[in-house]
Amino acid sequence: MIIALPPDALVLLVGPSGSGKSTFAAHHFAPTEILSSDAMRAMVADDPLDQAATEAAFELLHTALAMRLSLRRLAVVDATNVEGWAREKLLAVARRARRPAHAIVFDLPLEVCLQRNLERDHPRPAAAIRRQHRWLRESLPQLASEGLGGIWTLSSEEDVDAAQISRVAPALSS
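What you are looking at is a predicted structure, and each value in this text was computed from that prediction instead of being measured.

Caption draft 1: Geometry of the pairing of strand E5 (residues 101–106). For E5, the buried fraction is high: six of the six residues fall into the buried class. Side chains Ala101, Ala103 and Val105 project from E5 onto one buried face, and the interleaved His102, Ile104 and Phe106 project onto a second face that is buried too. Sheet analysis places strand E2 (residues 10–14) next to E5, joined by five bridges and oriented parallel. Within E5, the residue paired with Leu10 across the bridge is Ala101. Pairing analysis gives five bridges linking E5 to strand E6 (residues 150–154), with the strands arranged parallel. By the bridge assignment, His102 is partnered in E6 with Gly150.

Below, the structure is given as structure tokens:
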């Protein structure tokens, strides 16, 4: 699958913990293009897993997102993004900057996410991954109505491995 992205877009990675979003991002995007919620937690609290730092981390992420989009730079948000209200806040930043928004959805089987989680240095709670997976499944029908320019769904590990990113001409808007 070829995922065609404008070079000035917001790209939401959508999927539960353990679905491979961060690995995919590191493989396909420059480090400067990736805005990771874990990295923002680490920046504000010295610990990427410190959930008490989540509000501050997302404030920083939204600020960095607005800055990148205002400069017409690709911004890839590496967070679960499985809840509609969280996506809406990010999409509002893109609308204010008049930049396009796209989503890459990691709709892998729950068992794959749980197994990958066990292989992490610091596994997340299995209950959290189950909840995120459920929220993803519940929100999939809404994605098409959220104002995204493109939605690509990766439903298997093979889909993730075969995906290729293509940069297309920037969107025409000021």
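Caption draft 2: Main features of the packing of helix H5 (residues 110–118) against helix H6 (residues 126–143). Contact geometry for H5 and H6: axes closest at 10 Å, N-to-C directions at 150°. With respect to H6, the element H5 is oriented roughly antiparallel. With respect to the hand of their crossing, H5 and H6 are arranged in right-handed fashion. Mapping the contact onto sequence places Leu110, Cys113, Leu114 and Asn117 in H5 and Ala126, Ile129, Arg130 and His133 in H6. For the contact of H5 with H6, the residue count by class is five nonpolar, two polar and one charged.

Caption draft 3: Representation of the environment of Ser145. Among the secondary structure elements, Ser145 is positioned in the loop between H6 and E6. Exposure remark for Ser145: the relative accessible area of 64% places this residue in the exposed category. At a separation of 2.9 Å, a polar atom in the side chain of Ser145 contacts the main-chain carbonyl oxygen of Gln142.

Caption draft 4: Fine view of the nonpolar core. If you look at the biggest cluster of nonpolar residues, it comprises 25 residues, and the most contacted ones within it are Leu10, Leu12, Leu65, Leu69 and Val77. Breaking this core down by element, the ones donating at least two residues are E2, helix H3 (54–70), strand E4 (75–78), helix H4 (84–97), E5 and H6. Excluding its chain neighbours within four sequence positions, the residues that come into contact with Val77 are Leu10, Val11, Leu12, Leu13, Leu35, Leu61, Leu65 and Leu90. Listed in part, the 23 residues of the second largest apolar core include Ile34, Leu74, Ile129 and Trp152.

Caption draft 5: Region of the structure containing the packing of aromatic side chains. Tallying each qualifying case throughout the model produces two aromatic pairs. Here the aromatic cluster, defined as three or more aromatic residues joined through ring pairs, consists of Phe24, Phe29 and Phe106.

Caption draft 6: Structural view of the environment of Pro6. With respect to the element layout, Pro6 can be found in the loop between strand E1 (2–5) and E2. For Pro6, a relative accessible area of 8% puts it in the buried group. Separated by 96 residues in the primary sequence, Pro6 and His102 place their C-alpha atoms 9.1 Å from one another.

About the criteria used
Residues numbered from 1 in each chain as written. Predicted model: local features only at pLDDT ≥ 70, side-chain atom pairs only at ≥ 80, totals over all residues. Heavy atoms only, no water. Buried < 20%, exposed > 50% of the residue type's maximum accessible area, 1.4 Å probe, protein only. Helix = DSSP H or I, 4+ residues; strand = E, 2+ residues; numbered from the N terminus. Pairing = 2+ DSSP bridges. Axes fitted to C-alpha atoms, helices over the stretch in contact; angles between N-to-C directions. Parallel < 35°, antiparallel > 145°, perpendicular 65-115°, else oblique. Left-handed = near helix turned anticlockwise from the far one by under 90°. Contact = heavy atoms within 4.5 Å. Nonpolar A, V, L, I, M, F, W, Y, C, P; charged D, E, K, R; others polar. Polar contact = N/O pair within 3.5 Å; in protein donor to acceptor, adjacent residues only side chain to side chain. Core = buried A, V, L, I, M, F, W, Y, C linked by side-chain atoms within 4.5 Å. Phe/Tyr/Trp six-rings, centres within 6.5 Å; stacked < 30°, edge-to-face > 60°.

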